[in-house]
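# Fold and geometry: a report
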Amino acid sequence: MTAGTGTTGGPVHEALAALELVDHHCHGAVTGDLDRAGFESLLTEGDAWPGVSPFDSPVGLAVRRHCAPLLDLPRHAPPDAYLARRTELGAAEVNRRFLRGAGTGVFCVDTGYAPHPVTAPAELARTADATAYEVVRLEGVAEAVAAGGVEPDAYAEAFRTAAWEAVRRPGVVGVKSVAAYRTGFDLDPARPSPAEVTGAARRWLARGGRLDDPVLVRHLLWTAVDLGLPLQLHTGFGDADIRMHRVDPALLTDWLHLTAGTIPVVLLHCWPYQRQAAYLSAVFERVHLDVGLTLHHVGPARAGAILAEATEITPFRKLLYSSDAYGVAEFHHLGALAFRQGLAELLQARLDADELALPDALRLARWAGRDNARRVYRLPGGAMDDG
Amino acid sequence: MTAGTGTTGGPVHEALAALELVDHHCHGAVTGDLDRAGFESLLTEGDAWPGVSPFDSPVGLAVRRHCAPLLDLPRHAPPDAYLARRTELGAAEVNRRFLRGAGTGVFCVDTGYAPHPVTAPAELARTADATAYEVVRLEGVAEAVAAGGVEPDAYAEAFRTAAWEAVRRPGVVGVKSVAAYRTGFDLDPARPSPAEVTGAARRWLARGGRLDDPVLVRHLLWTAVDLGLPLQLHTGFGDADIRMHRVDPALLTDWLHLTAGTIPVVLLHCWPYQRQAAYLSAVFERVHLDVGLTLHHVGPARAGAILAEATEITPFRKLLYSSDAYGVAEFHHLGALAFRQGLAELLQARLDADELALPDALRLARWAGRDNARRVYRLPGGAMDDG
Amino acid sequence: MTAGTGTTGGPVHEALAALELVDHHCHGAVTGDLDRAGFESLLTEGDAWPGVSPFDSPVGLAVRRHCAPLLDLPRHAPPDAYLARRTELGAAEVNRRFLRGAGTGVFCVDTGYAPHPVTAPAELARTADATAYEVVRLEGVAEAVAAGGVEPDAYAEAFRTAAWEAVRRPGVVGVKSVAAYRTGFDLDPARPSPAEVTGAARRWLARGGRLDDPVLVRHLLWTAVDLGLPLQLHTGFGDADIRMHRVDPALLTDWLHLTAGTIPVVLLHCWPYQRQAAYLSAVFERVHLDVGLTLHHVGPARAGAILAEATEITPFRKLLYSSDAYGVAEFHHLGALAFRQGLAELLQARLDADELALPDALRLARWAGRDNARRVYRLPGGAMDDG
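Looking at an unreviewed UniProt entry, one finds chain A named Amidohydrolase family protein, with Streptomyces parvulus as its source organism.

### Considering the packing of helix H4 (residues 79-89) of chain C against helix H5 (residues 91-101) of chain C
For any two helices packed against each other, the geometry comes down to the angle between their axes and how far apart the axes lie. All names here are of chain C. It is the contact of H4 with H5, at a shortest axis distance of 6 Å, that shows an interaxial angle of 105°. The angle between H4 and H5 falls in the class roughly perpendicular. Residue-level contacts link Tyr82, Arg85, Arg86 and Leu89 of H4 to Ala91, Glu93, Val94, Arg97 and Phe98 of H5. Residues that form the contact of H4 with H5 fall into these classes: five nonpolar, no polar and four charged.

### Focus: the relation of the copies chain C and chain B
Each copy of the sequence occupies a distinct position, and chain C is placed on chain B by a rotation of 120° and an axial shift of 0.0 Å, giving an RMSD of 0.0 Å. The transformation relating the two chain copies, once decomposed into turn and shift, fits a three-fold axis. The two copies present different faces, since only 3% of the interface residues in chain C are matched by interface residues at the equivalent positions in chain B.

### Remarks on the confidence of the model for chain A
Residue and element names in this part refer to chain A. On average, residues of chain A score 95 in pLDDT, and 96% of them reach the 70 mark or higher. Low confidence marks residues 1-7, where pLDDT is under 50. Its contacts with residues over four positions away, or in another chain, come to 28 contacts. Below pLDDT 50 for its whole length, residues 382-387 participates in 11 contacts with residues either more than four positions away or in separate chains. Interface confidence in the predicted complex, given as ipTM, is 0.96; pTM for the same model is 0.97.

### Some words on the packing of aromatic side chains
In this structure the tally under the stated criterion is 29 aromatic pairs over all chains. The interplanar angle of 90° and the centroid separation of 6.4 Å between the aromatic rings of A:Phe237 and B:Tyr279 together place this pair among those described as edge-to-face. With A:Phe237 in the loop between strand E5 (231-235) and helix H12 (253-258) and B:Tyr279 in helix H13 (residues 274-283), this residue pair bridges two chains. Each member of the pair, A:Phe237 as well as B:Tyr279, carries the same accessibility label: buried. Geometrically, the ring pair formed by B:Tyr155 and B:Phe159 is stacked, given 5.9 Å between the ring centres and 5° between the ring planes. Residue B:Tyr155 and its partner B:Phe159 are located together in helix H8 (residues 155-167), separated by four residues, close to a single helical turn.

### Structural notes on the interface of chain B and chain A
Interface size is commonly expressed as the accessible area that is lost once the parts come together. Contact residues are listed per partner, giving 33 residues for chain B and 38 residues for chain A. There are eight salt bridges connecting chain B and chain A. Residue B:Arg363 pairs with A:Asp56 through a salt bridge whose shortest N-O separation is 2.8 Å. If you list the elements that add at least two residues to the side of chain B that touches chain A, you get helix H12 (253-258), H13, helix H15 (300-310) and helix H17 (358-377) of chain B. The greatest single-element share of the side of chain B that touches chain A, amounting to six residues, is contributed by H13(B). Residues belonging to the side of chain B that touches chain A are distributed by class as follows: 13 nonpolar, six polar and 14 charged.

### So, the sheet that holds strand E3 (residues 131-137) of chain A
Residue and element names in this part refer to chain A. Here seven strands make up an open sheet; going across it, the order is E1-E2-E3-E4-E5-E6-E7 and the pairing parallel. In this open sheet, the two edge strands, each paired with only one partner strand, are strand E1 (21-26) and strand E7 (287-289). Strand-to-strand twist of the sheet, defined as the mean angle between neighbouring strand axes without regard to direction, takes the value 25°. Looking at chain direction, strand E6 (residues 265-269) and E7 are connected through three bridges and run parallel. Along E7, the bridge assignment pairs Val266 with His288.

### As for the interface of chain C and chain B
Between chain C and chain B, the contact holds 33 residues from the first and 37 residues from the second. In total, about 3000 Å² of surface goes out of reach between chain C and chain B, with carbon and sulfur atoms giving 57% of it. If you look at where chain C meets chain B, you find eight salt bridges. Across the salt bridge formed by B:Arg302 and C:Glu312, the nearest N and O atoms sit 2.8 Å from each other. Take the side of chain C that touches chain B: its biggest share by element is six residues, from helix H13 (residues 274-283) of chain C. Residues belonging to the side of chain C that touches chain B are distributed by class as follows: 13 nonpolar, six polar and 14 charged.

### What about unusual backbone geometry?
All names here are of chain B. Backbone torsion omega between Trp271 and Pro272 reads 5°, so that peptide bond is classified as cis. For Pro272, the position within the fold is in the loop between strand E6 (265-269) and H13. Even without glycine at this site, Arg378 takes up a positive phi of about 55°. Among the structural elements, Arg378 can be located in the segment after H17. Judged by its relative accessible area of 78%, Arg378 falls in the exposed class.

Each value, and the rule that gives it
Note on numbering: residues in each chain are counted from 1, in written sequence order. A letter from A marks each chain and a number from 1 marks each ligand, given out in the order of writing. Selection of residues for local features in this predicted model requires a pLDDT of at least 70, selection of side-chain atom pairs for listing and counting requires 80 or more, and totals for whole chains, interfaces and linings are taken over all residues. Neither water nor hydrogens contribute to the side-chain values; these are computed over all heavy atoms in the structure. Axis angles are defined between N-to-C directions and span 0 to 180 degrees, where every axis is a line fitted to C-alpha atoms and, for a helix, only to the segment in contact. Secondary structure counts use DSSP, requiring at least four H or I residues in a row for a helix and at least two E residues in a row for a strand, with both numbered from the N terminus. Put simply, angles under 35 degrees are roughly parallel, angles over 145 are roughly antiparallel, angles from 65 to 115 are roughly perpendicular, and the rest are oblique. In this description, contact between two residues means that some pair of their heavy atoms is separated by no more than 4.5 Å. For this classification, Asp, Glu, Lys and Arg are treated as charged, while Ala, Val, Leu, Ile, Met, Phe, Trp, Tyr, Cys and Pro are nonpolar and the rest, including Gly, are polar. Residues reaching a pLDDT of at least 70 in both copies supply the C-alpha atoms on which the copies are superposed by least squares. Known as pLDDT, the predictor's confidence for each residue is given on a scale from 0 to 100. Put simply, two rings from Phe, Tyr or Trp (the six-membered ring, in Trp's case) pair if the centres are within 6.5 Å, and we call them stacked under 30 degrees between planes, edge-to-face over 60, tilted for the rest. For every residue, the accessible area obtained with a 1.4 Å probe (protein chains only) is divided by the maximum for its type, and the residue is called buried under 20%, exposed over 50%, and partly exposed between those limits. A pairing counts as a salt bridge when a side-chain nitrogen of Lys or Arg comes within 4 Å of a carboxyl oxygen of Asp or Glu. Only when DSSP finds a minimum of two bridges between them are two strands counted as paired. When two parts are brought into contact, each loses some accessible area as probed by a 1.4 Å sphere; the total of that loss over both is the buried area.

Set out below in structure tokens:
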């Protein structure tokens, strides 16, 4: 595994460049070759629109600047040259280069979102010369239960059983919910009663479609509490399915009070609510956060600014790294690079101003890039590097 | 026309200084002379308060720093000297200097807000040695319909007809809504039924006053969709009439889904929700944004920071320039200067860090300052500069 | 009194270092010695959690960097050494060093929150060689009225009388409400009727507990208007009792309209809503703001960034300084230092860019650090330094 390429000098840059990251939340990379339309559609959280290339965006610039060199192209290579070289090398080689270039030792892979054929965790690990774990998306489990046929009054138990079975498979280290996409967080925080769940299941099973009933989403979140594993929650930035004003993580406060002392919760993405997430991480023992997805979309040019907001009051045990890469392995690489570069820039500026001492900077970098995830997900290696 | 004065060196500064901007949303400049109270009241979105001069604010500092030299005064001239010189020169000469100093080739003038006697678009164009187009404020059209007398069940058709007549006049390139000031955006997104509109019109026509009925505001927004022209929407920052928490543009998401594939929508001002606006512009094909009004109020000292947030994930085709200047021609100048200076600073920093290549920086500047507006409003010159 | 230590060169740094601040909102310092657990629990707005030291946070770093030298320790001293030295010196000497080191001439002390034995205002003043005034927390007054026994229909009058008595004591300069912690600001803005108040009082007095009835909270806010003194309102950042999405100060807009022309209102803390607070201060004559509590929690490394957002459009008469220090005197010092350093950094950058002239920078610093508070609270010295 080669280290990230984001070093620009100084001991923190060097330490972060050499650090094998734990990417605690990502997805697979597409295994087949992509044509221009296919590649562009994976570059954006929007759709690919006529006359507006996704290359003409911050993430497009970042790909041309930071990914082109791994394909033996000059920095800032034009999109046509980039795509031609990508095709020439083939998906397997492209994936290999970016996944190894990411300098990531562990990937925790959310296997519940895969509209394209993508690398399974084991294949991702093999390609990256890394270790992979799995994160189970609970909405997918619930929808599989519904698809398999279940009576409304048996739904709760069937879902719980299926979730238990899913998480006790080897390599599963956490669960995830996309409640943000389904209802947002402005929910009654209380655990729904069995009768409420049965009634809601009756309506949902009759209607079909994805799980978006508020009672069943609440039930899913409380089932996650029962499972006992860390829960990843999508918050903030995503595609057009999001209603941004309903995915402010602060809306979870009542639920966090009710579930105090139970499972670790990791708020994913967070932007533009990174400060609200930081507040929650400062006042709730179990709450952690990352700014995955955001970092590669804004690119290294703004990663430091986003991380500076996300860490204003955040305890150093609470910041994790994720790429949230999906589809193109460029993002597994770019997420890691933006994280390394942004965090190093932020820490180096504080070292230069003597606001921070070097051992603290190095410890904070190591914790955020690797050890906090090891600790939250109880991954091997966590204890010995915990100091 | 002279170029803006915001150059501080480097090719991007030079290119932006030389670029004739399209100010896609502004108002007229007051044609008469202003006394101190009159001038100060136009400097602030608040009122002029006893003992608190609006000169003692970021925009006041920016006027003294950047506008004084165009009146032959030293930078940072004191308010008394500034006002005395302004009076000495007279409104016509002051307007001429600032409007030409703005380096703006095209002004799209919202003619629906004019509590003072201000320059009509043609006069603004003549004074600035530029071209002017008109933007029709739909609330004004609806209120004129009501003032002219109409039966409730004829309101919808009368408003539609009046709006059609207003927009088919020569030089009209878009429409605008101040729904933000009337109801905010937390509205039922669906098109109201004819019966709902008639019922709401009955109540409003009986009550009188400005158009602030939620059903009629929804109807107005849907009428804009029917008109087919780009729709400018005030969002975020404004005067004390705003309820800030109800003008987050994210509240428009459901309406944007329902109106997908129809008219271009341009979110104006946006601050402090520039990131929410950026998100919408990244996931909805038709959504564009500017940070007009904000830029001159924060001044060039913060314009780069605001633009950096507004462009974090914004596709380069989606950012437009506007001054939203009203009343004092200083703002037509200052808006342009803050935009040029802020954008140049932001782009130059990325060039210096090799996060961006010069041709991309120049293209992005040209698009944001001119070509995106040409494209959205189908202005002459759009095609040839589109590359 | 010694000046703050945040000078890093330049005339603004020097002027701010020499300026005796008015800390318009703070609390007392704990008078007894603190063990590690006691000290750590006062460092955080969360709780002290097993395995996660509050020293491992931005405020912990800031204490080690900026407070250690006042205890004769090297910068960045480790927590163990810091705590040992603190114990060695004893609480009285530690408090004396930090309170004098703060360079603060006036403290306005909220006496309504004191879960620990803390310095009373007179003792704080004596220790700091400064002047102290008192701010009366209205929820405490109401709860004392309830605890003393009152009939529901006599509650309104009893509360009003008790509040009048509390504020007419010598040295009282303002009142405070923690409505943010009790209901948030999404309240009916209208003054409740006597019958509503009696009904709500009946329910509250029967139930007991802290004052968190929405009608009684509204009544409290309107009683503050009647008292005629400046009202401090907690907004934004606080402990886990906050529901962040309900303490956006923009939610107060309707109430601010209804109470126009009455008492000064000072929005405290504000983060992450400092821009919303700035907007309110720009459009409402009576609205002022600070970023107290936030500044020491983010530390000097981010204080400039927060102040830059908080002042983007804020009239210079509207920004005040507070530490909101509670418990450990480190915070009285650190708040002052972060304010001085952040504001100096921000102003110096604008001087360097010639966006600001030195006399304006010095005036702005003097106003924000001292004169605006003197003016709002009508403190002695206000008039002569007002220029």
